[in-house]
Amino acid sequence: MRIAGAALNQIPIDWEHNLRNIRIAIEMAKENGVELLCLPELCLTGYGCEDLFLSDWMPEAALAYLQQVRQWSEGICVVVGLPVRLHKRTYNTAAVLRNGEILGFAAKQFLANDGVHYETRFFTPWPAGETTTVEWEGEQWPLGDLIFEHNGVRFGFEICEDAWHPDDVRPASRLVGKVDLIVNPSASHFAMSKTDVRYQLVMKASRTFNCTYLYANLLGNEAGRVIYDGEILVARNGHLLLRNQLLSFKEVDLEWMDVDFEIELAPAADIVPLAEPDEYKELNQAMSLGLFDYMRKSRTRGFVLSLSGGADSCFCAVGVAEMVRLGVEELGAEEFKRRCGCFPVAAKTVVQQEGAGGKAAQVVAEEDTVAPAELSTKQELVAHLLTCAYQGTVNSSNDTFNSAKELADSIGARFHNWEIDEEVAGYVGKIQRALDRELTWKTDDLALQNIQARVRAPAIWLLANVQNALLITTSNRSEASVGYCTMDGDTAGSISPIAGVDKDFVKKWLRWAETELGYSALRHVNALQPTAELRPLEEKQTDERDLMPYTLLNRIERLAFYDRLSPSKVLAALETEDTGFDREELKTFVRRFYTLWSRNQWKRERYAPSFHLDDYNVDPRSWLRFPILSGGFAEELAAL
């Protein structure tokens, strides 16, 4: 049997878009002689519909739209993911369609409820071994723990999280000997190095359960924060038959494979490992796709960036340049521009022509208003999509200006340079008059730092608004953990693409981008110590002097909120590691981290939406929740 998976780049409750991609996938499958096609989990509605899954109307609408899809299933068996609501409970299901009929709905038995997933809020798990019926306009279909048959091949289901449970309880354990094929429609989020875990999961399942295993994942930045890599896998008895390119810019990625189910294939003695993952390359591809989808799905016309010349803003600028490079390499310049939806297109004029029966008919004729050579190079595309501004003060250095200017010029971004000292002086003077005293660095250090960052926001927001563009905010995860940022200042923006990445990784990635991707202008920032440049230059302010070494900050953060250790256990763990600091110094850093963490949850609650790129993050909307008001670990820190 020729079986296939299709990765789809969907949008929550965008029925027209989602149905179009589903139809394209089905038509492509038919053209290639596919007999059984698996589409991703909840691909009809989109996976990220959140509390809409709790409504009655949205699952009802999905079931109605499924009737369109069944019409397209003539000559093929298709698996389509959608929610089904019964008796005020919503179930995550995979509908099986064939020859214009609905054969039934397989229901998800285990729900993801960790990390970025909150499925138990929306869905009810289906009990193993049970079935019921779904009714719609006089028709009935089975729903539940089902086995299907197509052209002599028996198949059952694991839906995403079902496969991540121990072998003795997952659905596959009850399918052994009953099916030839296990189908897994998924919405499994991207995280660096995760694909190796998923690959091993599928490969071992195919060997353990003596079957062929077909896996198809969602693709792209579907709903804003979470990115899907579009992985498609076919494995048989521990042998890899098919694996596709991940993180594609395509709307639909169809991959098919011929499997002879009548021939016995001996189980693989060993699972062939994947190559060691390149996390720098993985993050680059994921962030590029995340930015591309966020821009076009939000119907904006590019990005605006306050380019300080520091590590974080340079990372974001290169991210947009890489979005263009990778998108054009895969799609071609013209298709990339069409998909962006924000480039000049041929103007349309309405021409009156005589139609059938002598009636006037309106025919749209196109007039090409864009010169063929216009916006043809990658730099010119970047110029259309990215505008940068260096907003200097008396505390800004030539080093950061040169870093910003040369990088913007090298990638083709539009670049502006203005100073904000006059605006800062105006606000400082206003408050000095109100308080009837002078504001000084000795008495008002943080306030004087913050006003500089905050004054930068209105102008850059205005520029973004005028251009109908997304304002990028540049905070990283390390800064978010300790609140090393100015609310409504450097945190102002529409999207925060690197807020899920720690500062040490940012610095290493920039060195990789300079050497491996050829962004030679990054040599400036790679030679600088990270600094906010908010204090007078003679003080030589650096981030790590204000906080602690970033490598240590990241280690404390991971021990505290990924491993979930208490302050005393974090300290004990650090003492066993080669940090280069003695116990008293480590105590100081642990106290500082937890104190700053506790004070700054309100900031993390207000960050612009960020991408989930690592195996965890500190975004309360997508991974880590913490009270805004708390005791601040006072007793725990005192006990150190």
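Residues numbered from 1 in each chain as written. Predicted model: local features only at pLDDT ≥ 70, side-chain atom pairs only at ≥ 80, totals over all residues. Heavy atoms only, no water.

This next bit is on the overall build of the chain. For the chain, the helix and strand inventory stands at 20 helices and 22 strands. Relative to the compact-globule value of 26 Å for 640 residues, the chain shows a C-alpha radius of gyration of 27 Å, a close match. Out of the 640 residues belonging to the chain, those deemed buried represent 56%. Taking the contacts inside the chain whose residues are at least 6 apart along the sequence as the reference set, 72% of them involve residues at least 24 apart. For the chain, the accessible surface area stands at approximately 27000 Å², while carbon and sulfur atoms represent 50% of it. (Helix = DSSP H or I, 4+ residues; strand = E, 2+ residues; numbered from the N terminus. Rg over C-alpha atoms; globule rule 2.2 N^0.38 Å. Buried < 20%, exposed > 50% of the residue type's maximum accessible area, 1.4 Å probe, protein only. Contact = heavy atoms within 4.5 Å. Areas by Shrake-Rupley, 256 points an atom, 1.4 Å probe, with all protein chains shown as cover.)

A full pass over the atoms with the stated rule returns 32 aromatic pairs. For the ring pair Phe 148 and Phe 155, a centre distance of 5.7 Å and an interplane angle of 20° mean the geometry is stacked. Each of the two residues, Phe 148 as well as Phe 155, counts as buried. Between Phe 561 and Phe 626 the ring centres are 6.2 Å apart and the planes differ by 80°, which places this aromatic pair in the edge-to-face class. Within this pair, whereas Phe 561 is found in helix α16 (residues 550-561), its partner Phe 626 is found in the loop between α19 (601-606) and α20 (634-638), the two being separated by 65 residues in sequence. (Phe/Tyr/Trp six-rings, centres within 6.5 Å; stacked < 30°, edge-to-face > 60°.)

Attention now moves to the pattern of salt bridges. Any two side chains of opposite charge can pair, given that their charged atoms come close. Overall, the coordinates contain 41 salt bridges when judged by the stated rule. For Glu 101, the salt bridge goes to Arg 70, with nearest N and O atoms at 3.2 Å. Of this pair, Glu 101 sits in strand β5 (residues 101-107) while Arg 70 sits in helix α2 (residues 57-71); the two residues are 31 residues apart in sequence, bridging distant segments of the chain. Among the residues examined, Arg 70 registers a relative accessible area of 9% and is labelled buried. (Salt bridge = Lys/Arg side-chain N within 4 Å of Asp/Glu carboxyl O.)

A contiguous nonpolar patch, built from Trp 602, Ile 628 and Leu 629 and spanning about 340 Å² of accessible area, is present on the exposed surface. One can find Ile 628 in the loop between α19 and α20. (Patch = residues over 30% accessible without salt bridge, like charges linked within 9 Å, V, L, I, M, F, W, Y side chains within 5 Å.)

It is worth spelling out the side chain of Asp 253 at this point. Considering the arrangement of structural elements, one finds Asp 253 in strand β16 (residues 252-258). Among the polar contacts made by the side chain of Asp 253, one reaches the side chain of Asn 244 at a distance of 3.0 Å. Once residues within four sequence positions are removed from consideration, Asp 253 is found in contact with Gly 5, Ala 6, Ala 7, Ile 232, Asn 244 and Gln 245. (Polar contact = N/O pair within 3.5 Å; in protein donor to acceptor, adjacent residues only side chain to side chain.)

Another point: the sheet that holds strand β2 (residues 36-38). Pairing is mixed across the open sheet formed by eight strands, whose spatial order is β6-β7-β5-β4-β3-β2-β1-β16. Looking at the sheet topology across the chains shown, the edges are occupied by β6 (131-136) and β16. Neighbour-to-neighbour, the strand axes of the sheet open up by a mean angle of 30°, direction not taken into account. Relative to strand β7 (residues 139-144), β6 runs antiparallel, the two being bridged by six bridges. Paired with Val 134 across the two strands is Trp 141, which belongs to β7. Of the strands in this sheet, β1 (2-8), β2, β3 (77-86) and β16 are in contact with helix α1 (residues 15-31), which crosses β16 at around 30°. α2 rests against β3, β4 (89-98), β5, β6 and β7 of the sheet, and its axis sits at about 160° to β3. (Pairing = 2+ DSSP bridges. Axes fitted to C-alpha atoms, helices over the stretch in contact; angles between N-to-C directions.)

What follows covers the pairing of strand β9 (residues 153-157). Counting buried positions along β9 gives four out of five residues, so the element sits mostly inside the fold. Across three bridges, strand β8 (residues 148-150) lies against β9 in antiparallel orientation. In the sheet register, His 150 faces β9, and the bridge partner there is Val 153. The turn linking β8 back onto β9 is made up of two residues, and Asn 151 within it adopts a positive phi angle of 50°. Where β9 meets strand β10 (residues 181-186), three bridges bridge the pair, whose relative direction is parallel. By the bridge assignment, Gly 156 is partnered in β10 with Ile 182.

Moving on, we get to the confidence of the model for the chain. Detailed conclusions should not be drawn from predicted coordinates in areas where pLDDT is low. Across the chain, the average pLDDT comes to 93, with 95% of residues at 70 or higher. Low confidence marks residues 347-376, where pLDDT is under 50. Its contacts with residues over four positions away, or in another chain, come to 43 contacts. (pLDDT = per-residue confidence, 0-100.)

A few words on the nonpolar core. Of all hydrophobic cores here, the largest spans 90 residues; its most connected members are Met 323 and Leu 386. When residues of this core are assigned to their parent elements, the largest contribution, 13 residues, is made by helix α6 (residues 311-331). Residues contacting Leu 386, with those up to four places away along its chain left out, are Phe 303, Leu 305, Ala 317, Val 320, Ile 411, Ala 413 and Arg 414. Grouped together as the second largest cluster of nonpolar side chains are 87 residues, Trp 15, Val 226, Val 252 and Trp 597 included. (Core = buried A, V, L, I, M, F, W, Y, C linked by side-chain atoms within 4.5 Å.)

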